[in-house]
Amino acid sequence: LSSYMITYAVGPRITFRYHQHFIPFVQVLAGGARLSASSDGTHATENGLLIMPGVGIDLALHHHFAIRALQVDYMATRFGVANGSNATQNNFRISGGIAFRFGDR
């Protein structure tokens, strides 16, 4: 048995620039999810809805470069089921990394 899920989302992000180097933000993203599974030669895929609100903190090191110190997202996916009901998954995601910023601000 093997399975994987691919997600994609877009939406607005609001940043709070009270300090030059410490930049918190909130975002609300929406998009889709594609779930694929295979077992014993049988393969199935399903597309569903994704909603992902979250918060985070960037530590600006340069005008176009920052360290994403923390980002916490609630990730809800909803897939249709053959009997007409919905299968909902509720997950939390915690991440960090490098943020490349484009534009003047």
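The preceding data block contains the structure.
Here is a short report on the structure shown in this document. Since this is a predicted model, take the numbers as computed values, not measurements. (Residues numbered from 1 in each chain as written. Predicted model: local features only at pLDDT ≥ 70, side-chain atom pairs only at ≥ 80, totals over all residues. Heavy atoms only, no water.)

This part is about the pattern of salt bridges. Inspection of every chain in the model, using the stated rule, returns two salt bridges. For Arg 68, the salt bridge identified is with Asp 58, shortest N-O distance 2.5 Å. Here Asp 58 lies in strand 4 (residues 42-62) and Arg 68 lies in strand 5 (residues 65-80), a separation of 10 residues in the sequence. The two residues Arg 68 and Asp 58 agree in class, both being buried. Between Asp 73 and Arg 93 there is a salt bridge; the shortest N-O distance is 2.9 Å. With Asp 73 in strand 5 and Arg 93 in strand 6 (residues 86-100), the pair connects residues that are 20 residues apart, well separated along the chain. Since its relative accessible area comes to 32%, Arg 93 is described here as partly exposed. (Salt bridge = Lys/Arg side-chain N within 4 Å of Asp/Glu carboxyl O. Helix = DSSP H or I, 4+ residues; strand = E, 2+ residues; numbered from the N terminus. Buried < 20%, exposed > 50% of the residue type's maximum accessible area, 1.4 Å probe, protein only.)

Within the structure shown, the criterion is met by three aromatic pairs. Here the aromatic rings of Phe 65 and Phe 100 are separated by 5.9 Å at their centres, their planes lie at 55°, and the arrangement is tilted. You can see Phe 65 sitting in strand 5 and its partner Phe 100 sitting in strand 6, a full 35 residues away along the chain. On the basis of relative accessible area, Phe 65 is assigned to the partly exposed category, the value being 28%. For the ring pair Tyr 74 and Phe 92, a centre distance of 5.6 Å and an interplane angle of 55° mean the geometry is tilted. On the criterion of sequence distance, the pair formed by Tyr 74 in strand 5 and Phe 92 in strand 6 is long-range, its members being 18 residues apart. The class for Tyr 74 is partly exposed, based on a relative accessible area of 29%. Judged by its relative accessible area of 67%, Phe 92 falls in the exposed class. Just above the ring of Phe 25 sits the side chain of Arg 13; from NZ or CZ to the centre is 4.2 Å. (Phe/Tyr/Trp six-rings, centres within 6.5 Å; stacked < 30°, edge-to-face > 60°. Lys NZ or Arg CZ within 6 Å of the ring centre and 35° of its normal.)

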